[in-house]
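# Inside the fold
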Amino acid sequence: MLLVAIGSVLLGLALSWAAVRHLADRLPARRLVLFTGPLGALFGAYVTHAALGPGHLLGTLVGAVLIGGVSLSLLLLPAGRRRLAGRPLPF
């Protein structure tokens, strides 16, 4: 289980680094994104491990990446709107 946790955190960190690199203009602060990816992947590994049970290393890591990606996608801002410092987004 420790190997799954370390692997999921590393995969989440890689996923969040790729998101920061490619979608920097649509994401909030870099520190928040780099924190959310590994945390989401760790939560995803926990949920997937609870659903599949022990002995499914690859399936657990795939679930960790999927849920980590979903948690990162919740941070995305719409493409047409850019957030200005100190001003709320107009809805």
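Up top you'll find the structure we're talking about.
The rules behind these values
- Here, residues in each chain are numbered from 1, in the same order as that chain's written sequence.
- pLDDT decides what is reported in this predicted model: residues at 70 or higher carry local features, side-chain atom pairs at 80 or more are listed and counted, and totals for whole chains, interfaces and linings draw on all residues regardless.
- Only heavy atoms go into the side-chain values, all of them from the structure, while hydrogens and water stay out.
- Put simply, DSSP H or I for four residues or longer makes a helix, DSSP E for two residues or longer makes a strand, and each gets a number counted from the N terminus.
- For each residue, the accessible area found with a 1.4 Å probe, counting protein chains only, is set against the maximum for its type, and the residue is called buried under 20%, exposed over 50%, and partly exposed in between.
- Whether two residues are in contact is decided by their heavy atoms, any of which lying within 4.5 Å being enough.
- All accessibility values rest on the Shrake-Rupley procedure with a 1.4 Å probe; residue burial counts only the protein chains present in the view.
- Working rule for helices: expected span equals 1.5 Å times residues minus one.
- Taken from the helix axis, the directions to the C-beta atoms give the arc we talk about.

### Quick word on the overall build of the chain
The helix and strand inventory of the chain stands at 3 helices and 0 strands. In sequence order, the secondary structure elements of the chain are arranged as α-α-α. Among the 91 residues that make up the chain, the fraction classed as buried is 31%. Relative to all contacts within the chain whose residues are 6 or more apart in sequence, the contacts with residues 24 or more apart total 61%. When the accessible surface of the chain is summed, it comes to about 6300 Å², and 71% of that surface belongs to carbon and sulfur atoms.

### Focus on helix α3 (residues 57-73)
Every α-helix winds through 3.6 residues per turn, so residues three or four apart in the chain are directed the same way. In a regular helix each residue adds 1.5 Å, so 17 residues correspond to 24 Å; α3 covers 24 Å between its end C-alpha atoms and thus fits that length. Inspection of α3 places T60, L61, G63, A64, G68, S71 and L72 among the buried residues, and these make up the whole buried set. Across the axial projection of α3, the buried residues extend over an arc of 170°, all falling on one side. Away from its buried face, by an angle of more than 90 degrees, α3 presents the exposed residues L58 and L66. Elements that come into contact with the buried residues of α3 comprise α1 (2-22) and α2 (30-52).

### Things to note about the environment of I67
Position of I67 among the secondary structure elements: in helix α3. Residues I67 and G40, spaced 27 residues apart in sequence, show a C-alpha to C-alpha distance of 6.2 Å. Dropping the residues within four chain positions of it, I67 is found in contact with G40, F43, G44, V47 and T48.

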